[in-house]
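An overview of the molecular structure
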Amino acid sequence: MLDMKWIRDHAAEVQRTADLKGIKLSIAELMEADDARKKAQGETDGLRERRNKLSESIGGWMRGGNRDEAERGRAEVREINGRIGELERKLEEVLLAVENLAERVPNIVSPDTPIGQSDEDNVELKRVGEPLVFDFEWRDHMALAELHGLVDVKRGVKTAGSRHYYMTGTGVLLHRAVQQMALDLLVGRGFTPLDVPLMARAEAMKGTGFFPQGEDQTYRIAEEERYLVGTSEVPLVMFYAGEIVDVDQPIKLAAASMCFRSEVGSAGRDVHGLYRVHQFAKVEQVVICRADAEHSEAMLQEITGHAETVLRMLELPYRQMAVCTGDMSQKTYKQYDLETWMPSRGAYGETHSSSNLLDFQARRSNIRYRDEEGTLRYCHTLNNTAVASPRILIPLLENHQREDGSIYLPEALRPYMGGRAELGVPER
């Protein structure tokens, strides 16, 4: 959690941030609970000290033959034990109250983060490429997927319910190709690839800042205190949880993994196609570095640049957005989204997200390093989606379609598709 003394010293800023992020939290209530904790702890410690002194005195009285004084001492010890028991129960209650409130305290936001309530208030920073204007009757990604036999949603729903699908035939190859291309890019830029667990304990979800705010978006494994992860950010960060690490050079980790999200609250939104599904694959990049604001800002620019490189390799028009306060999560200090042009939406759709968390995550997961003076400090952590599929297939198919229904494959993707330059129209 954020340091309680820091929270007290910055109470107004933290409360304002919670309000801006839409987090229901009273910092005044947290401080009152912490005051109650300190009071109960102080009283408990004082009684224990009194009990210890009495125990020593009782021994002396017994050795001196002063049995009446010893008996009065024992009676007082029994009374103190009862009061300690009551205080310990009270302390347990206030500790739980402090923990529950502290878990919801948000990370502060950067000075250049836009103020707003939703993604509609995000600010466009730049645009690369321009939306296509077709001079023929174009198809959306689901029509193209059906034409080429890439996806079977009907059977996916039959098997697993709404927002599920099968990737089929060349669709599987394309789905895996974009992931491998992105992973190879990251490895070439110094990232260590990991194959990660897809399940995590509640402690891991809390340690990475996904609980308690995001618990409703997470699938829990029945009768177990374990959850399916919605991003490999969780296991990548937790790889070093509770450790003292060497960050003379930033630690750079990457993973290609399946991800799962319940999408609670999205009923009726993006029900057509592959934009909002329960199961998908992501190539994630995580950086753990020293606690220097300028350094972690440079890392944010770097990992965002990697995602932009992927989009340029796929030859897709996109724009970079500065994410506003109301569209940020509890854990985020600064965030960029990359949105790719999707003709079927008639708009840009988010395909990549890039975040700097400062030491918020490292504090919760206890990842530290020693600075130049040998002092232990919490690291900064950052994360970015290098590519997510099948969502990236929406702009890939739609922007690269031709009038006859064939689909151009960008040159960078061809080595991962057996050298194919296009998806030709199948014979019917």
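Residues numbered from 1 in each chain as written. Predicted model: local features only at pLDDT ≥ 70, side-chain atom pairs only at ≥ 80, totals over all residues. Heavy atoms only, no water.

1. Structural notes on the nonpolar core
Put simply, the rule is: Residues grouped as a nonpolar core are buried Ala, Val, Leu, Ile, Met, Phe, Trp, Tyr and Cys residues, joined through side-chain atoms within 4.5 Å. Under the scheme applied here, a residue whose accessible area is under 20% of the maximum for its type counts as buried, over 50% as exposed, and between as partly exposed, the area being computed with a 1.4 Å probe on protein chains only. Under the scheme used here, helices are H or I runs from DSSP no shorter than 4 residues and strands are E runs no shorter than 2 residues, and both carry numbers assigned from the N terminus. Here, residues are in contact when the closest pair of their heavy atoms is within 4.5 Å.
Formed by 50 residues in total, the largest nonpolar core has its most connected members in Val151, Leu174, Leu314, Ile392 and Leu413. In terms of residues, this core owes the most to one element, helix 7 (residues 170-188), which gives 8 residues. Setting aside anything within four residues of it in sequence, one finds Leu314 in contact with Val178, Met181, Ile392, Leu396, His400, Pro410 and Leu413. In terms of nonpolar packing, the next biggest core, distinct from the first, is built from 17 residues, Leu25, Ile27, Met31 and Val98 among them.

2. A closer look at the environment of Gly42
Turning to its location among the elements, Gly42 is positioned in helix 3 (residues 27-63). Taking the relative accessible area as the measure of exposure, Gly42 reaches 42% and is therefore partly exposed. Separated by 230 residues in sequence, Gly42 and His272 have C-alpha atoms that sit 59 Å apart.

3. Quick look at the sheet that holds strand 10 (residues 334-342)
Basically, it comes down to this: Criterion used throughout: strands pair if DSSP finds at least two bridges between them. Every axis corresponds to a line fitted to the C-alpha atoms, with the helix fit spanning only the stretch in contact, and the corresponding angles, defined between N-to-C directions, vary from 0 to 180 degrees.
Sheet architecture is open: 8 strands sit in the order 1-9-10-11-14-8-7-4, paired in mixed fashion. The sheet is open, and its two borders are formed by strand 1 (123-128) and strand 4 (192-193), each paired with just one other strand. Where strand 8 (residues 279-289) lies against strand 14 (residues 380-389), 9 bridges are found, and the strand directions are antiparallel. Bridging from a neighbouring strand, Cys289 pairs with His380 of strand 14. Sheet strands in contact with helix 7 are strand 4, strand 7 (251-260), strand 8 and strand 14, and its direction is about 10° off that of strand 8.

4. Comments concerning the pattern of salt bridges
It is possible for side chains bearing opposite charge to pair when their charged atoms get close. Here is the rule: Salt-bridge detection follows one rule: a side-chain nitrogen of Lys or Arg within 4 Å of a carboxyl oxygen of Asp or Glu.
What the rule picks out here adds up to 22 salt bridges. Where Arg226 meets Glu224, a salt bridge forms, and the shortest distance between an N and an O atom there is 2.3 Å. Taking the relative accessible area as the measure of exposure, Glu224 reaches 29% and is therefore partly exposed. When the shortest N-O distance is used, the salt bridge between Glu302 and Lys252 registers 2.7 Å. With Glu302 in helix 10 (residues 293-313) and Lys252 in strand 7, this residue pair connects regions lying 50 residues apart in the sequence. Taking the relative accessible area as the measure of exposure, Lys252 reaches 17% and is therefore buried. By sharing partners, the salt bridges in this structure join Arg8, Asp34, Asp35 and Arg37 into a single network.

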